[in-house]
Amino acid sequence: MAFSDAIFAIIITLLVLDLRVPDVPPGRLLSGLLDQWPSYVAYLASYSYVAVVWLNHKAAFNRIQQADRGLHFVNLFVLFSTALLPFPTIVVSDALQEHNNADQRVAVAFYALIGALLCATWLAFYHYLARNPDLLKEQVKDDFFRVERVRALTGVVLYVLAGLVGYLVAPLIGLAVFLLLPVFYAITSAGLYQLRLTRGLTHRPPR
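Please read all numbers here as calculations on a predicted model, not as lab measurements.

**Considering the overall build of the protein**
Of regular secondary structure, the protein possesses 9 helices and 0 strands. Each helix and strand of the protein, ordered N terminal to C terminal, gives the series α-α-α-α-α-α-α-α-α. Taken over the C-alpha atoms alone, the protein extends approximately 65 × 40 × 30 Å along its principal axes. The contacts of the protein with a sequence gap of at least 6 include a subset with a gap of at least 24, amounting to 80%. Within the structure as shown, the protein displays about 11,500 Å² of accessible surface, and the carbon and sulfur contribution to it stands at 67%.

**Section: the confidence of the model for the protein**
A residue-level look at the protein finds 91% of positions with pLDDT of 70 or above and a mean pLDDT of 87. Confidence, expressed as mean pLDDT per element, reaches its minimum in the protein at helix α9 (residues 192-202) with 48 and its maximum at helix α6 (residues 101-131) with 96. Confidence drops under a pLDDT of 50 for residues 197-207, and excluding neighbours within four residues, the segment shows 0 contacts in the predicted structure.

**What about the packing of aromatic side chains?**
What the rule picks out here adds up to 12 aromatic pairs. Centre to centre, the rings of Phe125 and Tyr126 are 5.9 Å apart; their planes meet at 70°, and the pair counts as edge-to-face. Linked through ring pairs, Phe61, Trp122, Phe125, Tyr126, Phe144 and Phe145 together constitute an aromatic cluster.

**Some details on a nonpolar patch on the surface**
A grouping of Ile10, Leu14, Val16, Leu17, Leu19, Val21, Val24, Leu29, Leu33, Trp37, Tyr40 and Leu172 is seen on the molecular surface, where their side chains present a nonpolar patch of about 1,100 Å² in accessible area. Summarising the element assignment, Ile10 is placed in helix α1 (residues 2-16). Classification of Ile10 as partly exposed rests on a relative accessible area of 48%.

**Some words on the environment of Arg105**
Tracing the sequence through the fold places Arg105 in helix α6. Considered as a pair, Arg105 and Leu168 are 63 residues apart in the sequence and their alpha carbons are 7.5 Å apart. The contacts of Arg105, once residues within four sequence positions are left out, are Gly166, Tyr167, Leu168, Val169, Ala170 and Pro171. Within the structure, the side chain of Arg105 is placed 2.5 Å from the side chain of Asn101, a separation counted as a polar contact.

**So, helix α4 (residues 69-83)**
Taking 1.5 Å per residue, 15 residues should reach 21 Å; α4 reaches 21 Å between its end C-alpha atoms and fits that length. Residues of α4 that are buried include every one of Leu71, Val74, Asn75, Val78, Leu79, Ser81 and Thr82, and no others. Buried residues of α4, viewed axially, fall in a sector of 165°; they line one side. Opposite the packed face of α4, turned more than 90 degrees from it, sit the exposed residues Arg69 and Phe80. On its buried side, α4 packs onto α1, α3 (37-61), α5 (86-98) and α6.

**Some details on the pattern of salt bridges**
Throughout the structure, instances matching the rule amount to 3 salt bridges. For Lys58, the salt bridge goes to Asp5, with nearest N and O atoms at 3.7 Å. Highlighted residues: Lys58 in helix α3 and Asp5 in helix α1, separated in sequence by 53 residues. Take Lys58: its relative accessible area is 27%, and that puts it in the partly exposed class. Between Arg151 and Glu148 there is a salt bridge whose closest N-O contact spans 2.8 Å. Within this pair, Arg151 and its partner Glu148 are both found in helix α7 (residues 144-168), separated by 3 residues, close to a single helical turn. Across the pair, exposure class does not vary: Arg151 and Glu148 are buried alike.

Parameters and conventions
What you see as residue numbers is a count from 1 along each chain, following the sequence as written. Reporting in this predicted model follows two pLDDT cut-offs: at least 70 for local features of residues, and 80 or more for side-chain atom pairs to be given and counted; totals over whole chains, interfaces and linings ignore these cut-offs and use all residues. Working from all heavy atoms in the structure, the side-chain values ignore hydrogens and water. In this description a helix means any DSSP run of H or I spanning at least four residues, a strand means any run of E spanning at least two, and both kinds are numbered starting from the N terminus. Whether two residues are in contact is decided by their heavy atoms, any of which lying within 4.5 Å being enough. Methods summary: accessible areas were calculated by the Shrake-Rupley approach with a probe of 1.4 Å, and residue burial reflects only the protein chains presented. pLDDT gives the predictor's per-residue confidence on a scale running from 0 to 100. To pair, rings of Phe, Tyr and Trp, with the six-membered ring standing in for Trp, must have centres within 6.5 Å; the planes then decide the type, stacked if under 30 degrees apart, edge-to-face if over 60, and tilted in the middle. Like-charged residues are merged into a patch within 9 Å and nonpolar side chains (Val, Leu, Ile, Met, Phe, Trp, Tyr) within 5 Å, provided each residue has over 30% relative accessible area and no salt bridge. Definition used for salt bridges: Asp or Glu carboxyl oxygen within 4 Å of a side-chain nitrogen of Lys or Arg. Note on exposure labels: buried denotes an accessible area under 20% of the residue type's maximum, exposed denotes more than 50%, and partly exposed covers the range between, all computed with a 1.4 Å probe on protein chains only. Contacts described as polar in this section are N or O atom pairs within 3.5 Å, which, within protein, must combine one atom able to donate a hydrogen with one able to accept it, while residues neighboring in sequence count only if both atoms come from side chains. To estimate the expected span of a helix, count its residues, drop one, and scale the result by 1.5 Å. Note that the arc is defined by the directions from the helix axis to the C-beta atoms.

See below:
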């Protein structure tokens, strides 16, 4: 866990490096800062994504009793795909600031590809835990990680759709989806199973 947390910290540090002081003449600092709005949006999207990956990572390992070699490998795949995020973030930021529509479409599609890859590694991670319940703590429900695969698969589908819409229709629509998806994963960071259980308890009629 300490290794994973260190990787997440490094990734977030790399994200902020794209935010820089604009090279503008004296008296134009405000307009220069405002012109860099794509950098702020890209940073927000990627920071939110890394934050919810960290939340989901903590939630998953809180339910794991022991790790074997296979789990270490799928965890490394999750970290590998998460560590790629600073690159498409810079690509999207630069493309939006250059105001070239063709490049913007490619940049948004590229970001969506990395997002889908990250969700796919989570799908493998959850699938491995669903197939190896002996690694889990006793109080974890047998179908918890089987249900969690739905969250990961949903992300794969939505990122692919966002990339297609951003490439074929409008890049800003894809960017809006990138901002909204981390919200979904933040709300469900405790798991779809837990969310369903909580709703059942909340809406249970009084005796």
